[in-house]
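Structural features, examined
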Amino acid sequence: MRAHIHSSPSGGRLRAALVALAVPILLALSLSALPAAAQVALPGTGTATDTAAAPPKEETPDLAEALRLLAIVLEDPEARSALVEQLRAVEPKTAPPLPGQRAGPAAEPEPEQTVPEIIADQTIAATERAVGEIATIFNEIASVSEIVTAIPDYDFANAWTIARPVIILIAAVLGAFTLARQAYRPMLARFDRGAANAVSLFGRWRWKIAGILAEIARVFIAWTTGQIVALVMGGGEIAPAHALFLDVFLYVETIRILPRVIFRPNRAGLRILAVSGATARRWYLWTAQIIGILGYGTLFLAPLARLLDAPRSAEWITLVFVLIAMLLTIGFVLRNHEPVRDMLEKKLAAIAGDGVIATWFYPLAHYWHLIVIAYTIALFVVWRAVPWDATGFMVRATLVSGLLILLGSLLVALMIRRIGGGVTLSARTRKTFPLLEARLNRFLPIMLLVVRILVAIVVIGGILTVWDIFDAVDWIDSPRGRTVVWSLGWIAGVLLLASVIYLAVASWIEYRLNPELRAVTARERTLLSLFSNAFVIALAVLTVMTILTQLGINIAPLLAGAGVVGLAIGFGAQKLVQDIINGAFIQFENTMNEGDIVTAGPITGVVEKLTIRSVSLRDVNGVMHMIPFSSVDTVSNFSKTFSYYVADMRVAYRENLDSVKAAMDEAFERLMATEHRVNILPPFEHFGIDRFEESAFIVRGRIKTLPGQQWAVGRAFNGILKSVFDERGIQIPFPHRTLFMGVDRDGNAPPLTLRHLSQSSSGPRRNEPPASGEEDAFPAPPQDPGGVPG
């Protein structure tokens, strides 16, 4: 029985399948035949292999079926030609070596393309395809001259025979459609009033649904009228041209119902979308035009041209109508991009404010017209590239892309709504860890940023896959993709673990240093602060080294280089090394802690910050001093365990020592009655007379205080002691100055001129005589005969 392959479409598909099956079969048979041929006869050896020694193998059923299909292909001339073309296109493979021959070197595998290389190749290919399609479009538009040239040879009589009944049918359907609209107008007006006056949402939608059903009924009435007219004109049968128009009419007008019920240009009550009447009218007219041009132009007029035996005209009509629809869309977008932009920005401001969602979508709202124009052009290019599946491909790709963007946006919006405002801990947790809430809220924006980046990567990868620009799924399944995904996941895990460890350790240190929960010593505060700094540095170094290792970077040379650099720094920065060594010993010996009052070098102040290499002191004037430990030879700490205030009182020589001591004891008793008593460790110590000076003797006493309280206690004690001395009449000597004018050899003193303070500066100067009629208030003493003033 001989099989024949016909030239029908199904036969063409069968022929293509058989050819695709025959190519690998021929390659396998040819490659497997080489060793067999070599075993039968080796040229140049003069020997032959006895083929009878090996029993023939039975053909498996799969191989027999494949040979039968191959025979069918070879019998058909067209299939045989296609098979030959495919065999010529197959790249030559290296044949198995013959016996006695040495196998050649294995071909090196081609390097796997990276993601940027794949995207670049796809972009270049898409650009080349787009340029080619544009050139094809211009060629087809220019080919209208061929259609004009063929007009004289066209059979217009036959075409009019087919077209005349179609024109009659179109007139009947459109007439019935117009009459139904006029008949339904009062009904729609009543529906509109009912929806406008309805109070509840259910009442409004009841009228809107009634209006939708009225629109469907109008289309159905017109289509039924067309069916009846077609049957009458066809004598009980519907001609192909009539069926074509009726199907397109039902398809197009049913789709047109959607923009009509959404916008409702003249029925505000039945309008689903809350826009103004002018906006609704503008958008409805555009959508109705686009649907009508694409539907009636490509689905009816072009197939009708084929029925009228004008295939070239059909292709040209399709191209022209699609171009018209594209240009109308671009013009409509350019005319309305500003109102739509303003509307979208207002909606975003009302929904998202100035948050992260607005940051994401404000650029889309601002440049929406460019996105729509690019999408329209891409739709046209794809339609030209794959006209048999352009609509389905674009619809699927658009829906999936929109769904991916919607899901990504919802995920980000959900996370922002859940944790975007920060984390609020319980009162008990805030009391135990006062800084934990602020620390978590500092990490949350970083986490949200990472999540947004990951979501954007996933969405972009999905969109590229859907549009056949880059297959992200296949790339992830590839060795390189698995390596990259695993590395990124590992790095994200390391960063997350490091963040959790940091939060845990920082919270533990915060708990240990919380004075509301436990008594914290200065030593503990200092050591925990140093440990916190060292831990952060160690954790950061360990995290970076782990990430570098996962990225494939060998850290051994880095460690060796760090050792060499450290040695060089040790020689070149001896001061730094000295700072660190001195600081380490100061910490080990517990010389100072944060909050202590110390003298380090020439500076005295409170220790505010203590690191391994320096100490920061704030003096009594509020000035911060950073002192390296290498410049500190001596440290004096005024805050260790306890302090003393040493009172050295200057007393006149006329006073009795016992009276002075009694006064100092009374002043101490008064001091213990004040609020300073909690900082004093009694008793008051008397040391007696410490030393003698020119005009006084020094009586020394000492008050023991808590660490750092000696100055406040001493100032209070001095004030009380002054009051007691005044009450007892004990003199505190102070410097006196005696003015001695001196005398000459004869015992006469020099004259002293005095003036009242009220005397003006314009009065007589010293040694000037008074004016006539005035007496000198302070007459000069008489002078001796020698003229020397007395």
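For the structure, check the block above.
So, how was this worked out
- Residues numbered from 1 in each chain as written.
- Predicted model: local features only at pLDDT ≥ 70, side-chain atom pairs only at ≥ 80, totals over all residues.
- Heavy atoms only, no water.
- Salt bridge = Lys/Arg side-chain N within 4 Å of Asp/Glu carboxyl O.
- Helix = DSSP H or I, 4+ residues; strand = E, 2+ residues; numbered from the N terminus.
- Buried < 20%, exposed > 50% of the residue type's maximum accessible area, 1.4 Å probe, protein only.
- Core = buried A, V, L, I, M, F, W, Y, C linked by side-chain atoms within 4.5 Å.
- Contact = heavy atoms within 4.5 Å.

Overview of the pattern of salt bridges
Two side chains with opposite charge may pair up if their charged atoms get near one another. Scanning the entire structure with this criterion turns up 18 salt bridges. In this structure, D648 engages R700 in a salt bridge whose closest nitrogen and oxygen atoms are separated by 2.6 Å. Of this pair, D648 sits in strand β6 (residues 643-651) while R700 sits in strand β8 (residues 697-705), and the two are 52 residues apart along the sequence. Linked by salt bridges that have partners in common, E215, R218, E253, R256, R260 and R264 make up one network.

Examining unusual backbone geometry
P682 connects to P683 through a cis peptide bond whose omega is 10°. Residue position: P683 is located in strand β7 (residues 680-692). Of note, R264 is a non-glycine position whose phi angle comes to about 45°, a positive value. Within the chain, T641 stands out as a residue other than glycine whose phi angle is a positive 65°. You can see T641 is positioned in the loop between β5 (635-637) and β6. Its relative accessible area of 66% is what places T641 among the exposed residues.

Some details on the nonpolar core
Within the largest apolar cluster, 24 residues are counted, with the highest numbers of intra-cluster contacts made by V173, F245, L246, F249 and F300. Elements with a contribution of two residues or more to this core: α6 (156-197), α7 (201-233), α8 (240-263) and α9 (277-307). Among the elements that take part in this core, α8 stands out by supplying 9 residues, more than any other. When sequence neighbours within four positions are dropped, the list of residues in contact with L246 reads L169, V173, W223, G226, Q227 and A230. Y645, F668, I680 and I730 belong to the second-largest nonpolar core, a separate cluster that totals 23 residues.

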